[in-house]
Amino acid sequence: MMSQPARLEPGVNSPDLSLRIRLPHPAPPALLVLLAVGMLLAACLSPQLEHPQAQNPEFVNGHLVAQNRLLIPPLLAPHMENGEKVFDLTVGPGEAEIFPGKITKILSYNGMYPGPTIRAHAGDRVRLNITNTLEETTTVHWHGMELPAAMDGGPHQVIGPGGSWQPYWTINNQAATLWYHPHTMGKTAEQVYRGLSGFFIIDDENSDSLALPREYGVDDIPLVVQDKLFDPDGQFIYVHEHRVITAGLLGDSILVNGTYAPYIEAPAKLIRLRLLNGSAARRYNFGFSDNCTFHLIATDGGLLEAPVEQTRLLLSPGERAEILVDLSNLKEPIRLMSYVFTDGENAVQNAIQEQLAGGTDEGQQFQILELRPKTGTFVSEQIPKVLNTIEHLDENVVLKTRRFVLEAFTINSKMMDHERIDEVVRTGATEIWEVENNSPIYHGFHVHGIQFWVLDRNGMTPPVSEQGWKDTVTVTPQETVRLIMKFLEYSDPNLPYMFHCHNLTHEDMGMMGQFVVVDEPSGQAQIQSPPDGIKQGDHAGHQN
Ligand code: C2O
Ligand code: CU
């Protein structure tokens, strides 16, 4: 259970607990489809369809006074067993005091929201000892992790009520900020939304040797940012009806590490923030209230070759970034913000969102976290000029190019089918995946079990902020993004990995496909997956 020592000042800081949703409840899907078609037509007929919020950004939580100390998820201590680091994780119901005096029902890992931070080193052998005490099925997926499909925790590795699962693998990733969350067919968005997410941080020899802030929770701070809707009792509202409209659920309250209206006291020096967009659908355009320059040092899957100066950073759901912010000359607190941004062609989405959900992610500004510099003497620090050595993948050895067309809400016109393998990939192959967004709304493309590199966006070199290892990438309307990736040596003809839109609402609607990685791509892939909920009781993850 969380404790929030600070108290709310009545009237100043109370969240807007009134329902913002103007959707008929429940809305007949046919009506929504009609509406959507109508809006589409309107958009086509009037190309200048106005984006009202671009001119008049809505500062959604401008009234908020930061007064709750940011919760730092504790590190989960492993025990050693036969040379393995064993971590115990229990998925179960829980409670959190997000608003003083109110108990919010949550789903939790080890009783907490967010879950405890798992930390391991490249080369470590890890085992996760997972028990599900929920009355519903769940899975635990290691987002960004390079590992055998059987250990991936996708929709095939179900853990039924009362069941358990013990995946194990050797850490192959380089130093990176990864995360874990459920991947239950049709229920991912809701289970994540209700509290199931946690960090999985990886260190390696390179990161050990760099002069970077590294004191967990002090100057090296994990931040999972999630938007929520609350009812007047402080309970999460999860609106299934948002699935049939465009963006998915957008909340008007922001939680950082499960903390509402948070602040953190940080040493007045260079600090490192590990940002994770753990929201279902909302993108954040991060920046600071004093407009200071910060340094991006890592993308989803690892450290960049060199730090990149930025003043804004857009993260879609599932994406991570590590940034360095210099607090050494600050006398006053500053705020991490999410600013208004534009997505080009999004007039249609905006119009539909405006009508049905009362806002868009693009048009809304939020304060996210107040950073209060602590007084004291701190030596000014240099940011290392070289962060990583990256072996770039070679376009000349590409074995196959595959094309994925994203529509609303399918991939290559198909919806997820448990029994259908969409792609068969050879172990060790270098491939290009060409992802085209042929819909009027943004999608975030995520591939399991691998880290890729963005080759180009509409034929242009991606911004430097994207020139690093990635596992999730934003694809805006009418954009084609080419990804290059080299598949690992984890062959399994029977168990697939997923690729999908990481807008979790879209994923749950079926915007997902499956691929197997095999030594011999000629053989017929045979899916071995029990139907949802059957794999109960003790079940050890196994390879081959
Ligand atoms: Cu973060 Cu397939 O998921
Ligand atoms: Cu999508």
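Residues numbered from 1 in each chain as written. Chains lettered and ligands numbered in written order. Predicted model: local features only at pLDDT ≥ 70, side-chain atom pairs only at ≥ 80, totals over all residues. Heavy atoms only, no water.

### Re the coordination of the copper ion (ligand 2)
- For the copper ion (ligand 2), the full set of protein donor atoms is His 443 (ND1), Cys 501 (SG) and His 506 (ND1), at a range of 2.0 to 2.1 Å.
- For the copper ion (ligand 2), the single-chain donor residues occur in sequence as H-x57-C-x4-H. In this pair, His 443 is assigned in strand β28 (residues 443–447) and Cys 501 in strand β32 (residues 497–501), connecting sequence segments 58 residues apart. For the pair His 443 and Cys 501, one class covers both residues: buried. (Donors = N, O, S within 2.8 Å, 3.2 Å for Na, K, Ca; no water. Helix = DSSP H or I, 4+ residues; strand = E, 2+ residues; numbered from the N terminus. Buried < 20%, exposed > 50% of the residue type's maximum accessible area, 1.4 Å probe, protein only.)

### A word on the nonpolar core
- One finds Trp 142, Trp 169, Phe 200, Trp 433 and Phe 445 to be the most contacted residues of the largest nonpolar core, which totals 57 residues.
- Those residues within four positions of Trp 169 in sequence are excluded, and the remaining contacts are Asp 124, Arg 125, Val 126, Leu 128, Trp 142, Met 145, Glu 146, Leu 147, Pro 148, Met 151 and Phe 200.
- In terms of nonpolar packing, the next biggest core, distinct from the first, is built from 32 residues, Val 60, Leu 70, Phe 288 and Leu 327 among them. (Core = buried A, V, L, I, M, F, W, Y, C linked by side-chain atoms within 4.5 Å. Contact = heavy atoms within 4.5 Å.)

### A closer look at the sheet that holds β28
- On the basis of which strands lie adjacent, the open sheet formed by 5 strands has the order β26-β33-β32-β28-β30 and mixed pairing. Each edge of the open sheet carries a strand with a single partner, namely β26 (423–426) and β30 (472–475). When the angles between neighbouring strand axes are averaged without regard to direction, this sheet yields 25°.
- Sheet analysis places β26 next to strand β33 (residues 512–518), joined by 4 bridges and oriented parallel. By the bridge assignment, Val 424 is partnered in β33 with Val 516. (Pairing = 2+ DSSP bridges. Axes fitted to C-alpha atoms, helices over the stretch in contact; angles between N-to-C directions.)

### Quick word on the pattern of salt bridges
- Here the structure, examined in full by the defined rule, presents 31 salt bridges.
- The partner of Glu 362 in a salt bridge is Arg 283, with the nearest N and O atoms 4.0 Å apart. Of this pair, Glu 362 sits in the loop between α5 (347–357) and β24 (364–374) while Arg 283 is found in the loop between β17 (270–277) and β18 (284–288), placing the two residues 79 residues apart along the sequence.
- Assessed through its relative accessible area of 1%, Arg 283 is described here as buried.
- Residues participating in the shared-partner salt-bridge network are Asp 300, Glu 319, Arg 320, Lys 470 and Asp 471. (Salt bridge = Lys/Arg side-chain N within 4 Å of Asp/Glu carboxyl O.)

### Description of the sheet that holds strand β6 (residues 118–121)
- With respect to topology, 4 strands assemble into an open sheet ordered β6-β12-β11-β8, the strand pairing being mixed. Of all strands in the sheet, those bounded by a partner on one side alone are β6 and β8 (141–143). Here the strands of the sheet are splayed against their neighbours by 25° on average, with no regard to which way each runs.

### Here's the deal with the side chain of Asp 152
- Among the secondary structure elements, Asp 152 is positioned in the loop between β8 and β9 (164–165).
- This buried residue, Asp 152, is left without a salt bridge; Arg 320 holds the nearest opposite charge, at 11 Å.
- Here the side chain of Asp 152 touches His 448 through a polar contact of 2.6 Å, side chain to side chain.
- Apart from the residues within four sequence positions on either side, Asp 152 is in contact with Val 140, His 141, Trp 142, Leu 147, Gln 157, Trp 165, His 448 and Tyr 497. (Lys, Arg positive; Asp, Glu negative; His and termini not counted. Polar contact = N/O pair within 3.5 Å; in protein donor to acceptor, adjacent residues only side chain to side chain.)

### Overview of the packing of aromatic side chains
- The final tally for this structure, using the stated rule, is 25 aromatic pairs.
- A centroid spacing of 4.7 Å and a plane angle of 80° characterise the contact between Phe 99 and Phe 230, whose relative ring orientation is edge-to-face. Taken together, the positions of Phe 99 in strand β4 (residues 84–99) and Phe 230 in the loop between β13 (220–228) and β14 (253–256) put the pair 131 residues apart, joining distant regions of the chain.
- Note on Phe 230: relative accessible area 3%, which makes it buried.
- Residues Trp 169 and Phe 200 carry aromatic rings whose centres are separated by 6.2 Å and whose planes lie at 40° to one another, so their mutual orientation is tilted. In this pair, Trp 169 is assigned in strand β10 (residues 168–170) and Phe 200 in strand β12 (residues 198–203), connecting sequence segments 31 residues apart. Each member of the pair, Trp 169 together with Phe 200, is buried. (Phe/Tyr/Trp six-rings, centres within 6.5 Å; stacked < 30°, edge-to-face > 60°.)

### Side note on the side chain of Ser 279
- Along the chain, Ser 279 turns up in the loop between β17 and β18.
- At a separation of 2.7 Å, a polar atom in the side chain of Ser 279 contacts the side chain of Tyr 284.
- Apart from residues no more than four positions distant in its own chain, Ser 279 is found in contact with Val 225, Gln 226, Asp 227, Tyr 284, Pro 317 and Leu 504.

### A word on the environment of Val 192
- Relative to the helices and strands, Val 192 resides in helix α3 (residues 188–193).
- Residues Val 192 and Pro 114, spaced 78 residues apart in sequence, show a C-alpha to C-alpha distance of 9.8 Å.
- Once residues lying within four places of it in the same chain are set aside, the contact partners of Val 192 are His 181, Pro 182, Gln 226, Lys 228, Gly 278 and Leu 504.

### So, the environment of Ile 202
- Checked against the element boundaries, Ile 202 lands in strand β12.
- Relative accessible area serves as the criterion here: at 1%, Ile 202 is assigned to the buried category.
- In this structure, Ile 202 is in contact with Ala 120, Ala 122, Met 145, Ile 171, Asn 173, Gln 174, Ala 175, Ala 176 and Leu 178, ignoring residues within four places of it in sequence.

### A closer look at the pairing of strand β23 (residues 334–338)
- Among the 5 residues that make up β23, 5 are buried, leaving the element largely enclosed by the rest of the structure.
- Relative to β23, β18 runs antiparallel, the two sharing 3 bridges. From the neighbouring strand, Phe 288 faces β23, where its bridge partner is Leu 336.
- Relative to β24, β23 is paired through 5 bridges, and the arrangement is antiparallel. If you follow Leu 336 over to β24, its bridge partner there is Leu 369.

### Looking at the environment of Gly 162
- Among the structural elements, Gly 162 can be located in the loop between β8 and β9.
- For Gly 162, a relative accessible area of 57% corresponds to the exposed category.
- Residues Gly 162 and Thr 137, spaced 25 residues apart in sequence, show a C-alpha to C-alpha distance of 9.0 Å.
- Once residues lying within four places of it in the same chain are set aside, the contact partners of Gly 162 are Asn 132 and Leu 134.

### Considering the pairing of β13
- With 9 of its 9 residues buried, β13 lies for the most part within the structure.
- Neither face of β13 is open: one carries Asp 220, Pro 222, Val 224, Gln 226 and Lys 228, the other Ile 221, Leu 223, Val 225 and Asp 227, and all of them are buried.
- Sheet topology places β13 next to β17; 6 bridges connect them, and they run parallel. In the sheet register, Leu 223 faces β17, and the bridge partner there is Leu 275.
- Relative to β14, β13 runs antiparallel, the two being bridged by 4 bridges. Paired with Val 225 across the bridge in β14 is Val 256.

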